[in-house]
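# Coordinates in review
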2 protein chains.
Amino acid sequence: MNFAPLKNDRFLRALRRQPVDATPVWIMRQAGRYLPEYRATRARAGSFLALAKTPELACEVTLQPLDRFDLDAAILFSDILTVPDAMGLGLYFADGEGPKFERPIRSEADVNRLAVPDMASELGYVMDAVTLIRRELQGRVPLIGFSGSPWTLACYMVEGGGSENFSRIKAMALNSPQVLHKLLAVTTDAVIAYLAAQRAAGAQALQVFDTWGGVLSPRLYREFSLHYMARIAAELDRGTDEQNTPLILFGKGNAAYLEALAATGTEAVGVDWLVDLGEARARTRGCVALQGNLDPVTLYAEPETIRTEVAATLDSYGHGPGHVFNLGHGVSPDMNPDHVRVLVDAVHEYSSNKI
Amino acid sequence: MNFAPLKNDRFLRALRRQPVDATPVWIMRQAGRYLPEYRATRARAGSFLALAKTPELACEVTLQPLDRFDLDAAILFSDILTVPDAMGLGLYFADGEGPKFERPIRSEADVNRLAVPDMASELGYVMDAVTLIRRELQGRVPLIGFSGSPWTLACYMVEGGGSENFSRIKAMALNSPQVLHKLLAVTTDAVIAYLAAQRAAGAQALQVFDTWGGVLSPRLYREFSLHYMARIAAELDRGTDEQNTPLILFGKGNAAYLEALAATGTEAVGVDWLVDLGEARARTRGCVALQGNLDPVTLYAEPETIRTEVAATLDSYGHGPGHVFNLGHGVSPDMNPDHVRVLVDAVHEYSSNKI
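Note that the coordinates shown come from a computational prediction; the quantities given were computed from them, not determined experimentally.

## Looking at the overall build of chain A
Along the backbone of chain A there are 16 helices and 9 strands. The C-alpha atoms of chain A give a radius of gyration of 19 Å, which matches the 20 Å a tight globule of 355 residues would have. Within chain A, the proportion of its 355 residues that are buried is 63%. When the accessible surface of chain A is totalled, it reaches about 13,100 Å², and 48% of it is carbon and sulfur. Of the side chains in chain A, 34 bear a positive and 42 a negative charge, and the two mean positions are spaced by 2 Å.

## Observations regarding the packing of helix 10 (residues 167-175) of chain A against helix 11 (residues 177-201) of chain A
Residue and element names in this part refer to chain A. Here helix 10 crosses helix 11 at 115°, and the two axes come no closer than 5 Å. Seen from helix 10, the contacting residues are Ile169, Met172, Ala173, Leu174 and Asn175; seen from helix 11, they are Pro177, Val179 and Leu180. Within the contact of helix 10 with helix 11, the residues separate by chemical class into 7 nonpolar, 1 polar and no charged.

## Side note on the relation of the copies chain A and chain B
Each copy of the sequence occupies a distinct position, and chain A is placed on chain B by a rotation of 180° and an axial shift of 0.0 Å, giving an RMSD of 0.0 Å. Look at the turn and shift together and you get a two-fold axis relating the two. Using C-alpha coordinates, one finds that chain A approaches the rotation axis most closely at Ala256(A), a distance of 3.9 Å. Both copies contact each other with a shared surface, as 100% of the interface residues of chain A are interface residues in chain B too.

## What to know about the pairing of strand 4 (residues 143-148) of chain A
All names here are of chain A. Counting buried residues in strand 4 gives 6 out of 6 residues, a clear majority hidden from the surface. Across the two faces of strand 4 the burial is the same, with Leu143, Gly145 and Ser147 and Ile144, Phe146 and Gly148 all buried. When strand 4 meets strand 5 (residues 205-210), the two strands line up parallel, connected through 5 bridges. What sits directly across from Gly148, in strand 5, is Phe209.

## Notes on the pairing of strand 9 (residues 323-327) of chain B
All names here are of chain B. With respect to burial, strand 9 is a largely interior element, 5 of its 5 residues being buried. Pairing of strand 8 (residues 289-294) with strand 9, which is carried by 5 bridges, proceeds in the parallel orientation. Across the sheet, the residue bridging to Gln291 is Val324, located in strand 9.

## Here's the deal with the pattern of salt bridges
Residues and elements named next belong to chain B. This structure, assessed with the given rule, holds 36 salt bridges over all chains. Here Arg68 makes a salt bridge to Glu37, at a shortest N to O gap of 2.6 Å. Taken as a pair, Arg68 in helix 4 (residues 55-68) and Glu37 in helix 2 (residues 36-45) lie far apart in primary sequence, 31 residues in all. Residue classification places Arg68 among the partly exposed residues on the basis of a relative accessible area of 25%. Residue class for Glu37 comes out partly exposed when judged on its relative accessible area of 23%.

## Considering the interface of chain A and chain B
Chain A puts 28 residues into the contact, and the matching count from chain B is 28 residues. Buried area between chain A and chain B, summed over both chains or domains, comes out near 2,000 Å², and the portion from carbon and sulfur atoms is 55%. On the surface where chain A and chain B come into contact, there are 4 salt bridges. The partner of Arg219(A) in a salt bridge is Glu309(B), with the nearest N and O atoms 2.9 Å apart. Inspection of the chain A/chain B interface yields 12 residue pairs in polar contact (both at pLDDT 80 or more). Broken down by secondary-structure element, the contributors of at least two residues to the side of chain A that touches chain B are helix 10, helix 12 (218-235) and helix 15 (303-317) of chain A.

## Brief notes about the sheet that holds strand 1 (residues 74-75) of chain A
Residue and element names in this part refer to chain A. What the 7 strands build is an open sheet, ordered 1-4-5-6-7-8-9; its pairing is parallel. The open sheet has two free edges, formed respectively by strand 1 and strand 9 (323-327), since each of these has just one partner strand. With 2 bridges connecting them, strand 1 and strand 4 associate as parallel partners. Residue pairing for strand 4: Ala74 is matched across the bridge by Leu143.

## Some remarks on the side chain of Ser149(B)
Residues and elements named next belong to chain B. In this structure, Ser149 sits in the loop between strand 4 (143-148) and helix 9 (150-159). Residue Ser149 is classed as buried on the basis of its relative accessible area, which comes to 1%. A polar contact of 3.0 Å, which involves the side chain of Ser149, links it to the side chain of Thr152. Not counting the four nearest positions on each side in its chain, Ser149 is found in contact with Val208, Phe209, Asp210 and Met229.

The rules we used
Residues numbered from 1 in each chain as written. Chains lettered and ligands numbered in written order. Predicted model: local features only at pLDDT ≥ 70, side-chain atom pairs only at ≥ 80, totals over all residues. Heavy atoms only, no water. Helix = DSSP H or I, 4+ residues; strand = E, 2+ residues; numbered from the N terminus. Rg over C-alpha atoms; globule rule 2.2 N^0.38 Å. Buried < 20%, exposed > 50% of the residue type's maximum accessible area, 1.4 Å probe, protein only. Areas by Shrake-Rupley, 256 points an atom, 1.4 Å probe, with all protein chains shown as cover. Lys, Arg positive; Asp, Glu negative; His and termini not counted. Charge placed at Lys NZ, Arg CZ, Asp CG, Glu CD. Axes fitted to C-alpha atoms, helices over the stretch in contact; angles between N-to-C directions. Contact = heavy atoms within 4.5 Å. Nonpolar A, V, L, I, M, F, W, Y, C, P; charged D, E, K, R; others polar. Least-squares fit on C-alpha atoms with pLDDT ≥ 70 in both. Pairing = 2+ DSSP bridges. Salt bridge = Lys/Arg side-chain N within 4 Å of Asp/Glu carboxyl O. Buried area = accessible area lost by both parts, 1.4 Å probe. Polar contact = N/O pair within 3.5 Å; in protein donor to acceptor, adjacent residues only side chain to side chain.

Spatial relationships are all this shows, so hold off on functional conclusions.
Quick look at the structure:
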């Protein structure tokens, strides 16, 4: 495909640990309910799923935050649960509740029925959105594609939706580990195919969200979460050299595992706010770029406080390349868009003066 | 006061890092809704607060799990929010919801009105319960008193109840740190007086629950949570030598701070399931006892699996003194009491064969 040349490559350069003129910044859930223009498009779409499954609308909301803020990357508007949905679990959103599956995975027989979905026929709407967004971006900033991690997807697949304590999947991990491994293996195959298809459709970087790895004890984390992210890092073709498509492994509660995550061969690790970036950098010894990690709640503070905290985060990373600024988790619906602007501008201002 | 001599001192010996014949075990929330006899007493009391505020009923439910299981310690049945309640915030429980305060702390003026409550007049019902339980125990096992940590109490005081993202208190920490420090200082004074009064009333060990320290970034954790727990460890009189009243600092999400917690001078640190006990032990260099840390969700697994996981937890601690077995967090209302019995017996059986 022939896309416009990239005008702002700060984000990709930082992921490749090359020098930049200012620290690049994007924000998890930057296209979302905190923006009135998002809420308007969402109302027109009729439902969240209609929004996510209509490429033109997904493209529209993906671009909205870029028109407001000086962001250095766009991220595909979609949901991590498109993959299990395409595997036949029947994703739906009950009013005022989180995502649910009509047919959750409760037995080995359920697992045996799963297969890697055909990307073109089952998830073509995602690939169409990626290509459309990439074209509409006209090279302004790079486009990030993404997937849930195998463990995180399996959490929703087994629990049937969100969970307070993950009792079903943890019981499966303990009572029937081989069944869970079978589920994670096919899900990992699907995730790799999904990310490869997004790359082929135009995604210029790829992020894996391991939202729920941090609920596991260290032994179970290594066996059921880390192992499958390492498979993605090892098996996903990302090209070579200067023109590669960098992979970011983000995890809530991954602070204890940064050395192991860096050793997977991923290009970057995304961290939440529970670790100091300087410590994360020392422990990963410059083998990966780091993405993060301001506590999202900081956006409820006064603008002057936000600026101070942005500077503290940049200082905690220190000098030199390899840092992508982000929140440690997503922006919330009740946050003030003006505060997001303060954050984005403060990242560029403070870091360009420092560099 | 003249209490019966202690018949089972495993728990206190382990906290003092002395040899034991089997690893002692108790379980956070061991007196609670998962027990039918608790639900019967709770129904008789009419409300949770009536149960907690009536010494005879609090004593009754405290002893219930000891009649079922071979536990090595009793823990006062109470609520961490008795202290802010006594400080005038008006604790109540809305139907089907968590705890709430009628008069949360929202301004510096609110903070300025706070004072350390008089233990005898405002919290006498707690001290009466401690003395009654200690007498009724007749030396079977030691009695643990407890308090919420200053930071955790402040979370409820500022948020007005439970919180998803702690936006109010974090905004206070960032925008008005000196106001929050004033709140934490008076709350710490109250906690120290409260624990001292429980010790005087008969408590033989004292645990501080820092349930919400783990939501803070490292810098804020040190400033707003750790600092005040260190004050408790430094200022709370616990006696000397062999007859001391050991202090346990428990925290969810405290894995990154074990060295710092051990350096406070506390006798023991309680950890959740997100750290390997062997690693925790190496990092605290035998300066403290360790309490924990099986993932509570393990109780949903099969009995044979529970036994395997108990053995793995004991093995992760390794040989030698200084381990109190516990869950990494409390038992849940829908857990099977028979599985708790499996756990308790497995701890004693496996550890006594190992020792």
